[in-house]
Amino acid sequence: LRILGIETSCDETAAAVVERDAEGHSKVLSDVVLSQLDEHSAYGGVVPEIAARAHVEALDELIEEALQRANVSLNEVDAIAATSGPGLIGGLLVGLMTGKAIARAAGKPLYAVNHLEGHALTARLTDGLSFPYLMLLVSGGHTQLILVRGVGDYQRWGTTIDDALGEAFDKTAKLLGLPYPGGPAVERMARDGNADRFAFPRPLVGEARLDFSFSGLKTAVRQAAQDIAPLSDQDVADICASFQKAVSRTLKDRIGRGLQRFKTEFAATFPAAAPATGEKPALVVAGGVAANLELRGTLQTLCDKNGFRFIAPPLHLCTDNAVMIAWAGLERMATGAAPDPLDVQPRSRWPLDSNAETLIGFGK
Ligand code: ATP
Ligand code: MG
Ligand code: FE
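Because the structure is a prediction, the values reported are computed rather than measured.

Rules of the game
Residues numbered from 1 in each chain as written. Chains lettered and ligands numbered in written order. Predicted model: local features only at pLDDT ≥ 70, side-chain atom pairs only at ≥ 80, totals over all residues. Buried ≥ 20, exposed ≤ 12 C-beta atoms within 10 Å, placed from the backbone. Helix = DSSP H or I, 4+ residues; strand = E, 2+ residues; numbered from the N terminus. Pairing = 2+ DSSP bridges. Axes fitted to C-alpha atoms, helices over the stretch in contact; angles between N-to-C directions. Contact = placed C-beta atoms within 7 Å. UniProt positions renumbered as here; feature names shortened; annotations may be inferred. Near = placed C-beta within 6 Å. Nonpolar A, V, L, I, M, F, W, Y, C, P; charged D, E, K, R; others polar. Parallel < 35°, antiparallel > 145°, perpendicular 65-115°, else oblique.

Participant: For the pairing of strand β8 (residues 153-159), give the residues involved together with the corresponding values.
Facilitator: Burial within β8 is extensive, with 5 of its 7 residues counted as buried. Relative to β8, strand β7 (residues 143-150) runs antiparallel, the two being bridged by 6 bridges. Paired with Gly150 across the bridge in β8 is Asp153. Hairpin remark: β7 followed by β8, antiparallel, with 2 residues in the connecting loop; positive phi at Gly152, about 80°.

Participant: A description of the sheet that holds strand β2 (residues 12-20) should follow, citing residues and the corresponding values.
Facilitator: Overall, mixed pairing links the 5 strands, which are arranged β3-β2-β1-β4-β5 in an open sheet. Looking at which strands have only one partner, the edges of the open sheet turn out to be β3 (26-35) and β5 (110-114). Mean inter-strand twist for the sheet, computed between neighbouring axes without regard to direction, equals 20°. Along the sheet, helix α3 (residues 89-106) contacts β1 (2-7), β4 (79-85) and β5; its crossing angle with β4, the most-contacted strand, is approximately 160°. Against the sheet, helix α11 (residues 323-334) contacts β1, β2, β3, β4 and β5, and its axis sits at roughly 135° relative to β1.

Participant: So what's going on with the environment of Ala208? Which residues, and what values?
Facilitator: By the secondary structure assignment, Ala208 is in the loop between α6 (182-190) and α7 (215-228). Residues Ala208 and Ala82, spaced 126 residues apart in sequence, show a C-alpha to C-alpha distance of 37 Å.

Participant: Please provide a residue-by-residue account of the UniProt feature "binding site: Fe cation" (unreviewed entry) in the protein, values included.
Facilitator: The sites that UniProt annotates as "binding site: Fe cation" (unreviewed entry) are His115, His119 and Asp320. These annotated residues cover 206 residues of sequence, and their C-alpha atoms lie no more than 8.8 Å from one another, placing them together at a single site. Tracing the backbone through its elements, the reader meets His115 in helix α4 (residues 115-127). Judged by C-beta crowding, with 27 C-beta atoms within 10 Å, His115 ranks as buried. Contact partners of His115, with chain neighbours within four places excluded, come to Ser9, Thr83, Gly85, Pro86 and Gly87. Owing to 29 C-beta atoms within 10 Å, Asp320 belongs among the buried residues under this scheme.

Participant: Describe the site of ligand 1, listing the residues and the values that go with them.
Facilitator: If you check the shell around ligand 1, you find 23 residues, and the closest are Gly140, Gly141, Gly166, Gly183 and Gly288. Residue assignment for the shell around ligand 1 shows that the elements contributing at least two residues are α5 (165-175) and α6. Sorting elements by how many residues they give to the shell around ligand 1 places α6 first, with 4 residues. In terms of residue class, the shell around ligand 1 is built from 6 nonpolar, 13 polar and 4 charged.

Participant: I'd like a description of the packing of α4 against α11, backed by residues and values.
Facilitator: One can describe the packing of α4 onto α11 by two numbers: an axis separation of 8 Å at closest approach and a directional angle of 80°. Looking at the two axes, α4 sits roughly perpendicular to α11. Contacts between α4 and α11 involve Glu117, Gly118, His119, Leu121, Thr122 and Leu125 from the former and Met324, Ile325, Trp327, Ala328 and Glu331 from the latter. By residue class, the composition of the contact of α4 with α11 is 6 nonpolar, 3 polar and 2 charged.

In structure tokens:
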């Protein structure tokens, strides 16, 4: 099976070709990503209209390039997979319509892929992971803890009730006068800061539900910054370090509970008595925030303590890309699932877990 993937849900335009041979060996034949970072950075965030136009300008050539690098023609791919949600509707329209047009012209089946499913299944491509496992998605638009039980079989255990974690990093950076995107800037400043100078809140810590909340943290940062303004470089560093520590402690509590719940639910699949020989359960991270070394360290330690494998795919496959979309399409095709009809519509909101909307309103 060989699939062409297309991703346009946010601020990356991407195309890729992924292949799985008869023996089940998978291979990324090409992986092309064009980030629109420069176009949006002046605005301190992604501007939907600019993003949609940029996708229109770049996508055709990018697909051409992905096919060329893979050294295959359109006739030699078996299906087209395009992200059809969730995300910015303008970008989704560009990618899905292009996917439809190619599918129709070349007479290939089309798979309309959920972007979150792409993130969720990536670890099976990179690490050959088997089901079930837990996935933490932490990006600019999403903060979710998802139980991955099978292809098309997901359960959302937790989500943010306000800001996404990447968004919290970006907003914190902005109010400290640091450049966009905020994550890398905050992490860099935090290295020279005193993490104990400010006692920022640790939202929902101690609560049984597995959700997240980060807007109070951002408000506390704003308050602290106002209280001691004008800020010296050391003040900014101390705020960043204290912020990161609060995030780290919050994740430790929230994800720690998630690991416990997983162990309880899958005690039969992963018996505690045989960890030396048996396979360990796994926690996978995805999303741009997974680049953060302190947070990675926290999750690694947490996994070690709980007998989990901690799996962090290479960063370019953690952030938005088309390899994961092609791969999700391939996984669906391999289960024998029917392709989508060519009148399938993009969905700006599309929870992976169909129960999710009723569980918590319109969570992200
Ligand atoms: P989506 O949410 O649709 O997947 P996105 O473009 O918002 O798309 P990503 O590209 O996966 O998400 O990640 C971008 C986010 O990751 C930004 O919010 C950025 O600040 C954050 N980020 C990047 N590097 C770091 C870091 N070192 N520490 C913390 N956050 C980081
Ligand atoms: Mg992005
Ligand atoms: Fe994403």
